[in-house]
Amino acid sequence: RREAERQSRAAARGQWASKTEYILVVAGNVVGLGNVWRFPYLCYRYGGGAFLIPYTLLVVVFGIPLFLLETSLGQFTQEGFITCWRKICPLAQGVGYGYLVLKVYELVYIIIQAWALFYLVFSFRSELPWATCNNSWNTANCVSLQDVANLTTNETAFPNATSAATEFWERRMLRMSRGIEEVGSVSWELLLCLLASWVFCYFSIWKGVRSTGKVAYFTATFPYVMLLILLIRGLTLPGAFDGIYFYLYPNLEDLTNLEVWIEAGSQICYSYSLAIGNLIVLGSYNKYNNNCYKDCLWICLLNSCTSFVAGFVVFSVLGFMAQKQGVTIDVVADSGPGLAFIAYPQATALMPLPQFWTACFFFMLILLAVDTQFTAVESFITTVSDLFPKLLHAPVRHEIFVLVVCLCNFLFHILFITEGGIYIFYLIDYYGGTRVCQNFLTIGATVAVGWIFGADRLLDIIGDSIGQRPSVFFKLCWKYVTPALSLISYILYLSDYRDLKINDWYVYPNWAYVLGWMMTFSSAITVPLWVIIHLCSTTGSFRTRLLFLIFPSEFPRLEAEIEFLCIYLYICMALRSELMAVSHLLASLFV
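Residues numbered from 1 in each chain as written. Predicted model: local features only at pLDDT ≥ 70, side-chain atom pairs only at ≥ 80, totals over all residues. Heavy atoms only, no water.

Draft legend 1. The arrangement of the packing of helix 6 (residues 110-122) against helix 9 (residues 188-205) in detail. Here helix 6 crosses helix 9 at 115°, and the two axes come no closer than 8 Å. For the element pair helix 6 and helix 9, the recorded crossing hand is right-handed. Of the residues in helix 9, those touching helix 6 at Ile110, Ile111, Gln113, Ala114, Trp115, Leu117, Phe118 and Phe122 are Glu189, Leu190, Cys193, Leu194, Ala196, Ser197 and Trp198. Split into classes, the residues belonging to the contact of helix 6 with helix 9 amount to 12 nonpolar, two polar and one charged. (Axes fitted to C-alpha atoms, helices over the stretch in contact; angles between N-to-C directions. Helix = DSSP H or I, 4+ residues; strand = E, 2+ residues; numbered from the N terminus. Left-handed = near helix turned anticlockwise from the far one by under 90°. Contact = heavy atoms within 4.5 Å. Nonpolar A, V, L, I, M, F, W, Y, C, P; charged D, E, K, R; others polar.)

Written as structure tokens, this is what we have:
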């Protein structure tokens, strides 16, 4: 009966046409912009090759276990990241709503795709506009690409100088205002780029996984072709191996810096797409007997290897640029947009055939952003559709709902292509998408699965579906290691909080910081809020309500077991010497 119900639901929701499509979509989702700029930047900033030590360790004890947990959760329940908790632990459904709030903030990253498309169009000009100062938007302080070396080695002679690449980024494309208070007008060129990005996103997902899987054949594989081309070109540049040495040279003293370990965990969450619901949704379109265990190991390995190779691509080019300018690499490299839209375009402009190499880079950037974007939108649409299956799972209604979601997001994101849009983008990126939200939701998810639903039960389900029970190592990670690391990172982030500043000089007004903290806690507050509301709205004694909300109807348990669970959790916090005696006493009482 349960198998018949599962097949009927799969027919209504849809499934992957093949295992290859699933692998490509998930790989495209987890291999994104974070691999190209964020990992290399963190690696050189925190000890070079020494950063790989905490990164690799946390991949094993945090990244892979949580990846398997979310993927298997979706595959078992065949639900989105909200309704899946009804079959696991209804009281933890607030975790799913937290993912939904994070998803709203995550969708703003499509603006990076619009930026890359803008740069791609300008890459075909006979003279790259970020290489010279002969443009209408340049100021008297502009320094052309040929004079950047003088700018960095003799700052006293150019106290207020800015590079042509920086002025193109700030004055031509972004047209930055003086602050978030001055929103200004909309850039019609970026408006067209944003519209093209959302149109492509719509036609990638309008038929659900049937269209998503087909698009991934190109968008998930071609970036690797571009990455290989850029890698070969980068390794042949003069000064490339200086950059690679800087990238890999281990500074073991940085291992004593707690921030290195925190950033390593943050990078794993960011690049593996953990704790935002995507993996649950993508896994829910699998067949029940799909080997999610093997998929997890291979995709995680692919993601980390891509990050590592991307470091060679980036730092070989930065080494070349540093040699051209006669400076050290830490001067020319920066994180985020500074690396992708300022430093790298400068470097490609110094190469022979600069238009070709610039176009390759930004085309790769667009494809990386596309995969991440349409899987984020697909997971949002799937989850909302699963909340209202009769209304939204119908064929025509589904396409209309996708269109409404894309149109509403497009209209909202127009705000980010105004003159003050970059300030709003940084505010949402720093507060709305911060790791503290993911850490809090990870704690809720692992406690619900590891302690309430039962880590052993999930391992048995995985074993039943693939024919082999995974190692007990995953049980230990789900119950102890992952929630402990998330809690530590959550506390350290709050204790080491610093206000957001732009270019080290712009300070946001107080109301913007208040708005930022509201965004930070808007996803975390859903977990306790859901618990409080449903405990208060459910009838019966407290023990009856707790039993009803913790255990799903598919897995009924004796009422005595909830008492044993509460007592057992309390005992775990007591002295170890008392644990065995009290446990025997409780066992005798239940018998």
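Continuing now.
Draft legend 2. Examining the pattern of salt bridges more closely. Scanning the model with the defined rule gives 10 salt bridges in all. For lysine 87, the salt bridge is made with glutamate 79, and the minimal N-O distance between the two is 3.7 Å. In this structure glutamate 79 comes out as buried when scored by relative accessible area, which is 9%. Here aspartate 460 and arginine 469 are joined by a salt bridge, their closest N and O atoms 2.7 Å apart. Within the structure, one salt-bridge network assembled from shared partners comprises Asp456, Asp460, Arg469 and Lys475. (Salt bridge = Lys/Arg side-chain N within 4 Å of Asp/Glu carboxyl O. Buried < 20%, exposed > 50% of the residue type's maximum accessible area, 1.4 Å probe, protein only.)

Draft legend 3. Seen up close, the state of the cysteines. If you walk through the whole model with that rule in mind, you get one disulfide. Note on cysteine connectivity: cysteine 133 is disulfide-linked to cysteine 142, with sulfurs 2.0 Å apart. The disulfide joining cysteine 133 to cysteine 142 has a torsion of about -80° about its S-S bond and is therefore left-handed. Judged by relative accessible area, cysteine 142 falls into the buried class, the value being 14%. Cysteine cysteine 300 is unpaired, with the sulfur of cysteine 296 as its nearest cysteine sulfur at 4.2 Å. The class for cysteine 300 is buried, based on a relative accessible area of 2%. (Disulfide = S-S within 2.5 Å.)

Draft legend 4. Summary view of helix 24 (residues 510-524). With 15 residues, helix 24 ought to run about 21 Å at 1.5 Å a step, and its terminal C-alpha atoms sit 22 Å apart, in line with that. Of the residues making up helix 24, those classed as buried are Ala512, Tyr513, Gly516, Met519, Thr520, Ser523 and Ala524. Buried residues of helix 24, viewed axially, fall in a sector of 140°; they line one side. Opposite the buried face of helix 24, by more than 90 degrees, sit the exposed residues Asn510, Val514 and Met518. Where the residues of helix 24 are buried, they touch helix 5 (93-106), helix 21 (421-432), helix 22 (435-466), strand 4 (506-507) and helix 25 (526-537). (Expected span 1.5 Å × (residues − 1). Arc of directions from axis to C-beta.)

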